[in-house]
Amino acid sequence: MVDEIRSKAKELLTDGTVECVIGYERATDGVTARPLFAYTAEEIDRFIMDNTCVHNLARYLLDRKGKPTAVVVKPCDSRTINLLVQENQIERDKVFAIGVTCPGVVEAHWGEASDEAQPRCVTCSLEVPAVYDYLVTMPGERQTRTGFPDLERMETMSPEERREFWERQFERCIRCHACRQVCPGCYCPICFVDQLDPTWVGIRNAPPENQVWHLIRAFHLAGRCIECGECQRVCPVGIPLMLLNQKLAAEVEGMFDFRPGLDAETLPPFAVFKKEELEAER
Ligand code: SF4
Ligand code: SF4
Ligand code: SF4
């Protein structure tokens, strides 16, 4: 299967379709995977594809705007391409998506890879990428899907219990902003959290500021989060950010029958004004 990815990637470089192919290579720990930007056939020979390939590589398309680029995408990552095309951040004809079907990826940390599925895979609803130009089938039995058990548990809690839960989580945040850096939907040149004039949220790492940071970021991603799970994966203190993201995704889907990134044509609800919505409010 990896031979198929390498062969397609080499073909794209050789015939000049793209200048660069973004895939995965084995990290120097010999266990986990890391992104590889390949510009030559020799570099493409280092590509791998297995259940340690966790990164959402489509996020790097933001760093290659206007440059013909191929990228290896799992189904969850593929939604990034539709999101970024729709938001005019990348041009579809400059991107070649090498899609892979996906049985799931595992929790992998420096020097070790477990058998445990990543939380995003437990709730994943896509088996095939939402968008691709070439499709490769990844072997392996698809992991069992269990719905959204954590989210359902949250729904049974009272508002006070939920507030307490999130206060405890946000208190642990060290404001490293890794969740923002890895997110394909967080590409503002200056994030609200870094702005000083006006100041939206103080720089202090303390409960009130942390809450504002998290709640504003979650709302900025409402109707835009493509549920790649990268923010939660990279959080160094293990804050369950996907609980927030999935709650907002469920609300948006319930209200507007919309899930971002499934195609590049359906207009997102917060980008359109419908007169009927105003009339329904009256
Ligand atoms: S969320 Fe779905 S597509 Fe993404 S890695 Fe997990 S199983 Fe694969
Ligand atoms: S908020 Fe998290 S899950 Fe959603 S798109 Fe950004 S990184 Fe992916
Ligand atoms: S990655 Fe985790 S610790 Fe860092 S800012 Fe985000 S939530 Fe806070």
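Being a predicted model, the structure only gives us computed values, none of them experimental. Note that residues are indexed from 1 along each chain, following the sequence as it is written. As a convention, the first chain written is A and the first ligand written is 1, with the rest following in written order. Residues qualify for local features only when their pLDDT is at least 70, as the model is predicted, and side-chain atom pairs are given and counted only at 80 or more; totals for whole chains, interfaces and linings, by contrast, use all residues. With hydrogens and water stripped out, all remaining heavy atoms of the structure feed into the side-chain values.

**Side note on the site of ligand 2**
Around ligand 2 sit 13 residues, and of these C183, C225, C228, G229 and C231 come closest. Looking at the shell around ligand 2, the elements that each hand over two or more residues are α9 (230-234) and α10 (241-256). Residue polarity is assigned by list, with Asp, Glu, Lys and Arg as charged and Ala, Val, Leu, Ile, Met, Phe, Trp, Tyr, Cys and Pro as nonpolar; anything else, Gly included, falls into the polar class. Split by residue class, the shell around ligand 2 holds eight nonpolar, two polar and three charged. Whether a residue is near a molecule or strand depends on its heavy atoms: if one lies within 4 Å, it is near. The way it works is that DSSP assigns letters per residue, a run of H or I at least four long becomes a helix, a run of E at least two long becomes a strand, and they are numbered from the N terminus.

**Let's talk about the site of ligand 1**
Looking at ligand 1, there are 10 residues lining it, with P75, C76, C102, C121 and C124 nearest. At the level of secondary structure, the elements contributing two or more residues to the shell around ligand 1 comprise α3 (75-86) and α4 (119-122). Class assignment for the residues of the shell around ligand 1 results in six nonpolar, one polar and three charged.

**Re the nonpolar core**
In terms of nonpolar packing, the biggest core is built from 42 residues, with V21, Y24, F47, M49, V71, V72 and I81 touching the most fellow members. Listed by contribution, the elements that provide at least two residues to this core are α1 (2-14), β1 (20-26), β2 (33-38), β3 (47-48), β4 (69-73), α3 and β5 (95-100). The contact criterion used is simple: two residues touch if any of their non-hydrogen atoms lie within 4.5 Å. Apart from the residues lying within four places of it in its own chain, the contact partners of V21 are A9, L13, L36, F37, A38, I44, F47, A70 and I98. Grouped together as the second largest cluster of nonpolar side chains are 12 residues, V193, V201, C235 and L241 included. Side-chain atoms within 4.5 Å link the members of a nonpolar core, which is a set of buried Ala, Val, Leu, Ile, Met, Phe, Trp, Tyr and Cys residues. Residue exposure (1.4 Å probe, protein chains only): buried if accessible area is under 20% of the type maximum, exposed if over 50%, otherwise partly exposed.

**Concerning the domain arrangement of the protein**
The split into domains, and so the bounds of each, comes from an automatic or database assignment of domains. If you check the domain split of the protein, you get domain 1 (2-136) and domain 2 (149-281). Distance from the C-alpha centre of domain 1 to the C-alpha centre of domain 2: 25 Å. Between domain 1 and domain 2 lies a buried interface of about 2000 Å² when both sides are counted; carbon and sulfur atoms form 49% of it. Every case where a carboxyl oxygen of Asp or Glu lies within 4 Å of a side-chain nitrogen of Lys or Arg is listed as a salt bridge. Where domain 1 packs against domain 2, one counts three salt bridges. Linking R120 and E230 is a salt bridge whose minimum nitrogen-to-oxygen distance equals 2.9 Å. Under this definition, polar contacts are N or O atom pairs within 3.5 Å; protein pairs additionally need one hydrogen-donor-capable and one acceptor-capable atom, and for neighbouring residues in sequence, both atoms have to be side-chain atoms. For the pair domain 1 and domain 2, the interface holds 15 residue pairs in polar contact (both at pLDDT 80 or more). Elements that contribute at least two residues to the side of domain 1 that touches domain 2 include exactly α3 and α4. In terms of residue count, α3 provides more of the side of domain 1 that touches domain 2 than any other element does, eight residues in total. Note on terms: buried area is the combined drop in 1.4 Å-probe accessible area of two parts once they are placed together, counting the loss on both.

**Re the pattern of salt bridges**
What the rule picks out here adds up to 22 salt bridges. As a salt-bridge pair, E227 and R259 come within 3.7 Å of each other at their nearest N and O atoms. In this pair, E227 sits in the loop between α8 (207-220) and α9 while R259 sits in the loop between α10 and α11 (275-281), placing the two residues 32 residues apart along the sequence. When its relative accessible area of 16% is taken as the criterion, E227 is described as buried. Among the charged side chains, a network of salt bridges with common partners joins E25, R34 and R46.

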